[in-house]
Amino acid sequence: MRTTMLRSIQSSLTRANNSASSPSTTHSLLRRGYSSESAPERKVAVLGAAGGIGQPLALLMKLNPLVSHLSLYDIAGTPGVAADVSHINTRSEVSGFMGEEQLGKALEGSDIVIIPAGVPRKPGMTRDDLFNINAGIVKSLCIAIAKYCPNALVNMISNPVNSTVPIAAEIFKKAGTYDEKKLFGVTTLDVVRAKTFYAGKARVPVEGVNVPVVGGHAGITILPLFSQATPKANNLSGEDITALTKRTQDGGTEVVEAKAGKGSATLSMAYAGAIFADACLKGLNGVPDVVECSFVQSSITELPFFASKVRLGKNGVEEVLGLGPLSDFEKQGLEGLIPELKSSIEKGIAFANKS
């Protein structure tokens with residue numbers, strides 16, 4: 001029974017990842033997926049692995065047959081998480097590292113570094129509060145990444161992503177290691193939510209739903225493109241689309257309030273982080289037509305960073321895809337989000353260049 005469940009989870013990861021691509025490529029991706037026997041050796045490091053997102057993310061990455069070595073790091077508690085996860089009978093070897101003096105060893109040789117480190121948002125916490133704490137954490141981790149695994153793909157989960165990705169870019173530039181193709185803000189949770197909410201409202205099976213989400217990763221900067229959603233739903237009114245957009249934008253607040261101050265979106269974020277990491281692994285391994293939305297360096301708007309569909313490959317970003325046709329409602333949303341996203345990006349750049 002446990003083996004059946006494990007296969008089901010691994011299959012779900014593959015299906016969810018594949019649904020980000022166009023429907024015509026889904027079956028080819030499934031056919032060309034790698035078994036653990038044929039997959040290359042890949043080391044994935046999770047920084048913040050003992051936290052609310054880090055622990056379920058470590059579990060999900062342990063279940064991924066494309067991972068050969070799982071490196072778990074945090075300032076405390078990591079040996080226990082690593083020991084626990086290491087008992088699962090899947091391919092990857094697990095190592096746990098704790099404290100700043102072990103960060104370098106945790107990072108050495110990593111193909112992908114996933115960063116969920118930092119504090120979660122709590123009721124009453126302003127974005128400035130969150131920024132001031134997490135920006136410093138991200139800065140120190142990125143300094144270490146530049147030193148110990150400068151060629152790794154970096155998947156940034158730590159919020160506010162609209163600012164932490166620009167911080168990472170500036171730190172890597174200072175170190176002379178910046179590669180715009182290898183830095184990603186993980187916005188997959190916005191896509192996961194948009195798919196779920198759309199499927200519920202349109203009454204279609206969620207497994208086959210795809211909804212691109214562009215912009216940023218906070219509030220009104222999150223812009224789901226329901227006009228491009230598949231399968232097309234003709235039963236949704238303008239009011240429905242407005243409500244779905246607002247719910248997608250406020251998804252994080254919905255969870256924070258439901259947890260009554262005792263946490264934020266940890267389980268769904270871990271799932272989304274695992275989906276995006278799986279897509280990066282497939283890209284590195286040469287699987288064709290792997291497409292996910294991500295917050296990356298971009299020239300499709302006037303902003304230096306923007307979330308849109310990205311084709312992943314052996315070097316990270318192979319192509320940043322355009323926005324496609326937008327509805328009038330989406331054009332208005334795009335115009336409205338630009339100033340706020342611009343401010344968040346500039347705030348991150350300014351923080352990185354202080355002192």
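Quick caveat, the model's predicted, so the values are computed rather than measured.

J.: Could you give me a rundown of the nonpolar core, with the residues and numbers involved?
T.: Counting 47 residues, the largest nonpolar core has Leu47, Leu107, Val113, Ile115, Ile145 and Phe306 as its most contacted members. With 8 residues, helix H6 (residues 127–148) is the single largest residue contributor to this core. Setting aside its immediate chain neighbours within four residues, valine 113 contacts Ala45, Leu47, Leu107, Ile145, Cys149, Ala152, Leu153, Val154 and Asn155. Judged by nonpolar contacts, the second largest core, of 41 residues, contains Val81, Ala82, Ala270 and Val287.

J.: Would you mind going over the packing of aromatic side chains in detail, with residue names and values included?
T.: Each aromatic ring pair is summarised here by two numbers: the centre-to-centre distance and the angle between the ring planes. A full pass over the atoms with the stated rule returns 4 aromatic pairs. An angle of 85° between the planes, with centres 5.5 Å apart, marks the rings of phenylalanine 131 and phenylalanine 351 as edge-to-face. In this pair, phenylalanine 131 is assigned in helix H6 and phenylalanine 351 in helix H12 (residues 328–352), connecting sequence segments 220 residues apart. Accessibility classification places phenylalanine 131 together with phenylalanine 351 in one group, the buried group. When the ring of phenylalanine 184 is compared with that of phenylalanine 276, the centres are 5.4 Å apart and the planes differ by 65°; the resulting orientation is edge-to-face.

J.: Which residues make up helix H9 (residues 238–249), and what values do they have?
T.: For H9, with 12 residues, the first-to-last C-alpha span of 17 Å sits near the 16 Å given by 1.5 Å per residue. Residues Asp240, Leu244, Thr245, Thr248 and Gln249 constitute the buried set of H9. Considered in projection along H9, the buried side chains sweep an arc of 165° and stay on one side of the axis. For H9, exposure combined with an orientation more than 90 degrees from the buried face picks out Glu239 and Lys246. Where H9 is buried, its residues meet helix H8 (188–202), strand E8 (222–224), helix H10 (251–258) and H12.

J.: Describe the pattern of salt bridges, listing the residues and the values that go with them.
T.: Throughout the structure, instances matching the rule amount to 10 salt bridges. Residue aspartate 240 pairs with lysine 201 through a salt bridge whose shortest N-O separation is 3.8 Å. Of the two residues, aspartate 240 sits in helix H9 while lysine 201 sits in helix H8, which places them 39 residues apart along the sequence. Taking the shortest distance from any N to any O, the salt bridge between glutamate 254 and arginine 247 comes out at 3.0 Å. Since its relative accessible area comes to 35%, glutamate 254 is described here as partly exposed. Arginine 247 sits in the partly exposed class, given a relative accessible area of 37%. A single salt-bridge network, built from bridges that share partners, covers Asp289, Arg311 and Glu319.

J.: Requested: an account of the pairing of strand E2 (residues 69–74), with residues and values cited.
T.: Of all 6 residues that make up E2, 5 are buried, and the element is covered over most of its length. Looking at chain direction, E2 and strand E3 (residues 93–98) are connected through 6 bridges and run parallel. The partner of serine 71 across the bridge, within E3, is serine 95. One crossover worth recording links E2 to the parallel E3 by way of helix H4 (residues 78–86), and it is right-handed.

J.: For the packing of helix H3 (residues 54–62) against H4, give the residues involved together with the corresponding values.
T.: As a packed pair, H3 and H4 sit with axes 10 Å apart at the nearest point and diverge in direction by 30°. With respect to their mutual orientation, H3 and H4 come out roughly parallel. Handedness of the crossing formed by H3 with H4: right-handed. Contact residues: H3 offers Gln55, Ala58, Leu59 and Lys62, while H4 offers Val81, Val85 and Ser86. Taken together, the residues of the contact of H3 with H4 sort by class into 4 nonpolar, 2 polar and 1 charged.

J.: Report on unusual backbone geometry, specifying residues and quantitative values.
T.: Following asparagine 159, the chain continues to proline 160 via a peptide bond in cis, the omega torsion being -5°. Examined against the element boundaries, proline 160 turns out to sit in the loop between strand E5 (153–156) and helix H7 (161–175). Cis geometry is found at the peptide bond from threonine 230 to proline 231, where omega equals -5°. The topology assignment puts proline 231 in the loop between E8 and H9. Phi is positive for arginine 203, close to 60°, though the residue is something other than glycine. The class for arginine 203 is exposed, based on a relative accessible area of 77%.

J.: Can you lay out the state of the cysteines for me, pointing to particular residues and giving the numbers?
T.: Chemically, a disulfide is nothing more than a covalent bond linking the sulfur atoms of two cysteines. What the rule picks out here adds up to 0 disulfides. In this structure cysteine 149 is a free cysteine whose sulfur lies 9.9 Å from that of cysteine 142, the closest cysteine sulfur available. Relative accessible area serves as the criterion here: at 4%, cysteine 149 is assigned to the buried category.

Cut-offs and rules
- Residues numbered from 1 in each chain as written.
- Predicted model: local features only at pLDDT ≥ 70, side-chain atom pairs only at ≥ 80, totals over all residues.
- Heavy atoms only, no water.
- Core = buried A, V, L, I, M, F, W, Y, C linked by side-chain atoms within 4.5 Å.
- Buried < 20%, exposed > 50% of the residue type's maximum accessible area, 1.4 Å probe, protein only.
- Helix = DSSP H or I, 4+ residues; strand = E, 2+ residues; numbered from the N terminus.
- Contact = heavy atoms within 4.5 Å.
- Phe/Tyr/Trp six-rings, centres within 6.5 Å; stacked < 30°, edge-to-face > 60°.
- Expected span 1.5 Å × (residues − 1).
- Arc of directions from axis to C-beta.
- Salt bridge = Lys/Arg side-chain N within 4 Å of Asp/Glu carboxyl O.
- Pairing = 2+ DSSP bridges.
- Right-handed = clockwise from strand over helix to strand, strands pointing away.
- Axes fitted to C-alpha atoms, helices over the stretch in contact; angles between N-to-C directions.
- Parallel < 35°, antiparallel > 145°, perpendicular 65-115°, else oblique.
- Left-handed = near helix turned anticlockwise from the far one by under 90°.
- Nonpolar A, V, L, I, M, F, W, Y, C, P; charged D, E, K, R; others polar.
- Disulfide = S-S within 2.5 Å.

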